[in-house]
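# Analysis of the macromolecular model
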Amino acid sequence: MRKIFVVGSGLMGSGIAQTAIQCGYEVILNDQSKAALERGVTGITKRLERLVEKGKMTAEEKDACLARLTTSVSVHVASNVDLVIEAIYENLEAKQAIFQQLDKICDSRTIFASNTSSISMTSLAAATSRPDRVVGLHFFSPVPVMSLVEIVYGLRTSQETIDIVTEVGKHMGKRPILAKDKPGFIVNRMLLPMLNEAVQVLDEDIGSVEDVDEGMLRGCNHPMGPLALADMIGLDILLEVMETFYIDLGDTKYRPAHLLRKMVAAGYLGRKSGAGFYVYEEGKKVGVNPVLVKG
């Protein structure tokens, strides 16, 4: 493994790219627009500069990292990469379309990995001519900081593929765990229904935004309240995943909270939109969203 092609330059894609270049991999960061790529590279550069300021990296090391990063709006530059990591939004058809396109471009040895948090690896693999070389590499946000990666294997994923991406995960400084191809895999199968339930508790007026979060912070020693965490993940993403759970598993306990649907419909998506359960200025929480304040 030497060269990685990352599809999607948002928070997750740019975080994966940053982690990879810090560990010595050559990375091509891909997105549909130059503006999106510029935002992704700017974010990576700023995060590396902060590491230099904190004394965790030298200026020379930062420059070496950035020298290993290139960008492209074309997928045709992926013809000679060793690993593809797709990190776009949670939509099966969109992910399948990317894999179908890359399947015609990439060498037959290239492994296709998806950063999906809920979509079936078996379904994604079926869109390619290499189902044995399709696997899940589910990183957690912020990628350069969080130490976990889920390796998700589909029905036809080969052991060789699992072994290779496990070593890639370790080389990136992550602790790999192995998960079957079930909705939500391990972490999100437990975590996201809890976040959805927190929204339901808020919707039923059992507690305020701050009280719901304080309850889990102080009562369960969580590092972040569930509503604040939902804002960080993105309420639209939480809704998409819960809808996937509800459809695939058919249990009402996975039904998205009505307030979650309303928040997304109103454009309150969390930090990325400037407001979710909280209001944000320059990415920093400044208070509870006034539409949710009682009295």
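This report concerns the structure included in the present document.

Reading guide: rules and limits
Residues numbered from 1 in each chain as written. Predicted model: local features only at pLDDT ≥ 70, side-chain atom pairs only at ≥ 80, totals over all residues. Heavy atoms only, no water. Pairing = 2+ DSSP bridges. Helix = DSSP H or I, 4+ residues; strand = E, 2+ residues; numbered from the N terminus. Axes fitted to C-alpha atoms, helices over the stretch in contact; angles between N-to-C directions. Contact = heavy atoms within 4.5 Å. Buried < 20%, exposed > 50% of the residue type's maximum accessible area, 1.4 Å probe, protein only. Salt bridge = Lys/Arg side-chain N within 4 Å of Asp/Glu carboxyl O.

Taking strand neighbours across the sheet as the criterion, the eight strands line up as 3-2-1-4-5-6-7-8 in an open arrangement whose pairing is mixed. Each having just a single partner strand, strand 3 (69-72) and strand 8 (175-180) make up the two edges of the open sheet. Across the sheet, the mean angle separating the axes of adjacent strands is 25° when strand polarity is ignored. Where strand 1 (residues 3-7) and strand 2 (residues 26-30) come together, five bridges link them in parallel fashion. Paired with Phe 5 across the bridge in strand 2 is Ile 28. Sheet contacts for helix 4 (residues 92-105): strand 1, strand 4 (83-86), strand 5 (111-114) and strand 6 (134-139); angle to strand 5, the most-contacted strand, approximately 165°.

Here Gly 13 lies in helix 1 (residues 11-22). Classification of Gly 13 by relative accessible area gives buried; the value is 0%. With 76 residues separating them in the primary sequence, Gly 13 and Tyr 89 have C-alpha atoms 10 Å apart. When neighbours within four sequence positions are excluded, Gly 13 is seen to be in contact with Val 6, Gly 8, Leu 29 and Ala 87.

This part is about unusual backbone geometry. Residue Pro 142 is bonded to the preceding Ser 141 through a cis peptide linkage, with omega at -5°. We note that Asp 205 has phi near 60°; this positive angle belongs to a residue other than glycine. Here Asp 205 is to be found in the loop between helix 7 (187-203) and helix 8 (209-219). Taking the relative accessible area as the measure of exposure, Asp 205 reaches 51% and is therefore exposed.

Turning next to the pairing of strand 4. Burial along strand 4 is two-sided: the face carrying Leu 83 and Ile 85 and the face carrying Val 84 and Glu 86 are both buried. Of the strand pairs in this sheet, strand 1 and strand 4 are connected by four bridges, and their pairing is parallel. Bridge pairing in strand 4 places Val 7 opposite Glu 86. Here strand 4 pairs with strand 5 via four bridges, running parallel.

It is worth spelling out the pattern of salt bridges at this point. Under the criterion given, the structure shown has twelve salt bridges. As a salt-bridge pair, Lys 170 and Glu 167 come within 3.8 Å of each other at their nearest N and O atoms. Taken together, the residues Lys 170 and Glu 167, both in helix 6 (residues 159-171) and three residues apart, mark about one turn of the helix. Residue Lys 170 is classed as partly exposed on the basis of its relative accessible area, which comes to 48%. Connected through shared salt-bridge partners, Asp 82, Asp 107 and Arg 109 make up one network.

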